[in-house]
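Listed below, chain by chain, are the residues.
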Amino acid sequence: MKKMTNVIAVFGYNNSRIYDVEKIKNMALEKFGAEILLIKEHVDKQDLSVTRFCFDAQPERSDLEGPLRVYLKSENLNLIGCLPFSDKGVIGAAHTAKAFGLFGDDDRTAKAMLDKHLFRELEAKIPMDPSVYRKPFFKKIHDADELLAFFERTGTFFIKPASEGNSRGCMKISSRNDLLLWLEENAPYLKNGVICEEYLSSGNEFSFDGVNGSYWVTEKYTTEGAYRAEYQHIVPAPLDEALELTMQNTLRPLLTNLGSRGGAFHHEFFNLTDSRLASVEPNRRPAGMWIWDLAAWSFENFNPWATWLEVCAGKKPTASALKRVFFSGVRGVISSIDGTIAHIDEIAIRDQFTEIFGSENFRFSILKQVNSIVRRDARDNADFLAYVALRHKDALTLKNNLALANEIVLKNIEVCP
């Protein structure tokens, strides 16, 4: 009998994160002698260039077991792990892992990681000390007239599609004109429902990140306009030790109640002005925008990617407290004007970064091409011109360097109005 090939399945991913899939592929081969199996809709040439094992299916399906077993048998594959790599993939990975007797986070709560209304309903049932944790009011709406009526009753609120990630369609509504603008650009989201919830904060946003019992807090920076694009992250957040401990002690049991069993998570939250915490949304998959790579830079002998693969493939690596050796940060560069890109001098950017920061202390990626249309009011990270990552021993110096790097990129990307 022909020997079976071990595979680790990656459930759902955005093709803009193909670099992470390549990383997972290399680690799977190195650590387990395994290939990766991509489970996503609309498999394309780029996917097949990474691995020949691609299963074209909706990663949010809870009933993948049957058709997946047929595919695995046809390719002589043995599934040894399930990696939820997108919000939709959380659902398919949890149910498939359970069906195959593999490690996985809770399948019963998986859909609440995608459906923001289900999350708020689940959150409402979890006992939390109201003196340290705040639960916002919320309502699901499917109709434009009902949206307008909701605004007339409540005033300012925050709107988000019920089943979308990456801040798509998320906006602070402060006026009737805001709502009309949102409807002009996002009305199709009403079909599946939108969540209208209490607007909690204009700042002090963080995420609680980790895997396998290793935790850290990430500081998040969001744009100040109506759209709340997350343009900068600092790992770990430069917090007072007592405050970070309070955050972790509050959020760890919450995550357990949300179905986390040691898999990857990226839980977004506010630290409110009254010192209480309030959740923005949960994510039981790795953070985007290079945050896990920043963690590998920031903490001694820690690679969250490798740990995640080991956990999901059935190993039980020892969880250890993280020791910081650097502060690391990533900046999403936003155009200063609306227009079209006329020229990009990537060589000049790299040369200046090398001279100022040192070649071992930066990483950057241009996200747009010449002739791309760009905007100064970024709606989400799809509007960024580039990513820049830096590290430094001092948090304030790091933040100043990220601002400088941002200016260097903007000076070397010409945008014509």
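**Things to note about the pattern of salt bridges**
Under the counting rule described, the total for this entry stands at 27 salt bridges. A salt bridge links R17 to D20; the nearest nitrogen and oxygen atoms lie 3.0 Å apart. The partner of R379 in a salt bridge is D383, with the nearest N and O atoms 3.1 Å apart. Residue classification places R379 among the partly exposed positions, given a relative accessible area of 31%. Judged by relative accessible area, D383 falls into the buried class, the value being 10%. When salt bridges that share partners are traced, they join R17, D20, K23, D293 and R363 into one network.

**Regarding the state of the cysteines**
Inspection of the entire model under this criterion finds 0 disulfides. Here C312 is not disulfide-linked; the sulfur of C82 is the nearest cysteine sulfur, at 7.9 Å.

**Here's the deal with empty space enclosed by the protein**
Summed over all chains, the structure comprises 3 cavities of 30 Å³ or more. Lining the largest cavity are 14 residues, and of these C82, P84, A93, G104 and D105 lie nearest its centre. Tallying contributions element by element places helix α4 (residues 87–100) first for the lining of the largest cavity, with 4 residues. Residues belonging to the lining of the largest cavity are distributed by class as follows: 10 nonpolar, 2 polar and 2 charged.

**As for the layout of surface pockets**
In this approach a probe as big as a water molecule rolls over the atoms, and the regions it shows empty are the leftover space. Within this model, the second largest pocket holds a volume of roughly 430 Å³. Lining the second largest pocket are 20 residues; nearest its centre among them are Y215, E244, Q248, F299 and L322. Mapped onto the lining of the second largest pocket, the elements with two or more residues apiece are β10 (214–222) and α8 (241–257). With 5 residues, α8 is the largest single contributor of residues to the lining of the second largest pocket. Each residue belonging to the lining of the second largest pocket can be placed in one class, and the counts come to 11 nonpolar, 4 polar and 5 charged.

**Some details on the sheet that holds strand β15 (residues 339–344)**
Strand order across the open sheet formed by 3 strands is β17-β15-β19, with antiparallel pairing between neighbours. Both outer strands of the open sheet, β17 (373–374) and β19 (413–416), are each paired with one neighbouring strand and no more. As defined by bridge partners, β15 adjoins β19 across 4 bridges and the pair is classed as antiparallel. Paired with I341 across the strands is V415, a residue of β19.

**Some points on the packing of helix α9 (residues 291–298) against helix α10 (residues 304–312)**
Viewed as axis vectors pointing N to C, α9 and α10 meet at an angle of 110°, and their least axial separation amounts to 8 Å. In terms of orientation, α9 lies roughly perpendicular with respect to α10. Side by side, α9 and α10 meet where W292, D293, A295 and A296 of the first sit next to P304, W305 and W308 of the second. The residue inventory of the contact of α9 with α10, partitioned by class, reads 6 nonpolar, no polar and 1 charged.

**A short note on the sheet that holds strand β6 (residues 157–161)**
Strand order across the open sheet formed by 4 strands is β5-β8-β6-β7, with antiparallel pairing between neighbours. One side of each edge strand has no neighbouring strand; the edge strands of this open sheet are β5 (138–141) and β7 (171–173). Adjacent strand axes in the sheet meet at a mean angle of 30°, parallel and antiparallel pairs treated alike. With 4 bridges joining them, β6 and strand β8 (residues 194–197) adopt antiparallel strand pairing. Across the sheet, K160 pairs through a bridge with I195, a residue of β8.

**Some points on the nonpolar core**
Core analysis: the biggest nonpolar cluster contains 43 residues, and I24, W308 and L309 have the highest contact counts within it. The greatest single-element share of this core, amounting to 6 residues, is contributed by helix α1 (residues 18–32). Setting aside residues up to four positions removed in sequence, I24 forms contacts with V10, I36, L83, F85, W305, W308 and L309.

**Brief notes about helix α12 (residues 395–411)**
Its 17 residues give α12 an end-to-end C-alpha distance of 25 Å, which sits within 8% of 24 Å, the value for a rise of 1.5 Å per residue. Within α12, burial applies to A395, L398, N401, L402, A405, N406, I408 and V409. The buried residues of α12 all sit within an arc of 160° when viewed along its axis, so they share a single face. Summarising the geometry of α12, the exposed residues directed more than 90 degrees from the buried face are L396 and K411. The elements touched by buried residues of α12 are β11 (230–235), β14 (327–333), α11 (346–357), β18 (386–392) and β19. Regarding α12, its N-cap is D394, as a side-chain oxygen of that residue lies 3.3 Å from the backbone nitrogen of L396 further along.

**Details of the packing of aromatic side chains**
Per the stated rule, a full pass over the model turns up 22 aromatic pairs. Ring geometry for W292 against W305: centres 5.0 Å apart, planes inclined by 65°, an arrangement best described as edge-to-face. Of this pair, W292 sits in helix α9 while W305 sits in helix α10; the two residues are 13 residues apart in sequence, bridging distant segments of the chain. W305 matches W292 in its accessibility class, with the two residues each being buried.

Reading the values: the criteria
- Residues numbered from 1 in each chain as written.
- Predicted model: local features only at pLDDT ≥ 70, side-chain atom pairs only at ≥ 80, totals over all residues.
- Heavy atoms only, no water.
- Salt bridge = Lys/Arg side-chain N within 4 Å of Asp/Glu carboxyl O.
- Buried < 20%, exposed > 50% of the residue type's maximum accessible area, 1.4 Å probe, protein only.
- Disulfide = S-S within 2.5 Å.
- 1 Å grid on protein atoms, 1.4 Å probe; cavity = no way out; pocket = protein on both sides within 12 Å on 5 of 7 lines; lining within 4 Å.
- Points joined across faces, edges and corners; volume = space filled by probe spheres on them.
- Helix = DSSP H or I, 4+ residues; strand = E, 2+ residues; numbered from the N terminus.
- Nonpolar A, V, L, I, M, F, W, Y, C, P; charged D, E, K, R; others polar.
- Pairing = 2+ DSSP bridges.
- Axes fitted to C-alpha atoms, helices over the stretch in contact; angles between N-to-C directions.
- Parallel < 35°, antiparallel > 145°, perpendicular 65-115°, else oblique.
- Contact = heavy atoms within 4.5 Å.
- Core = buried A, V, L, I, M, F, W, Y, C linked by side-chain atoms within 4.5 Å.
- Expected span 1.5 Å × (residues − 1).
- Arc of directions from axis to C-beta.
- Polar contact = N/O pair within 3.5 Å; in protein donor to acceptor, adjacent residues only side chain to side chain.
- Phe/Tyr/Trp six-rings, centres within 6.5 Å; stacked < 30°, edge-to-face > 60°.

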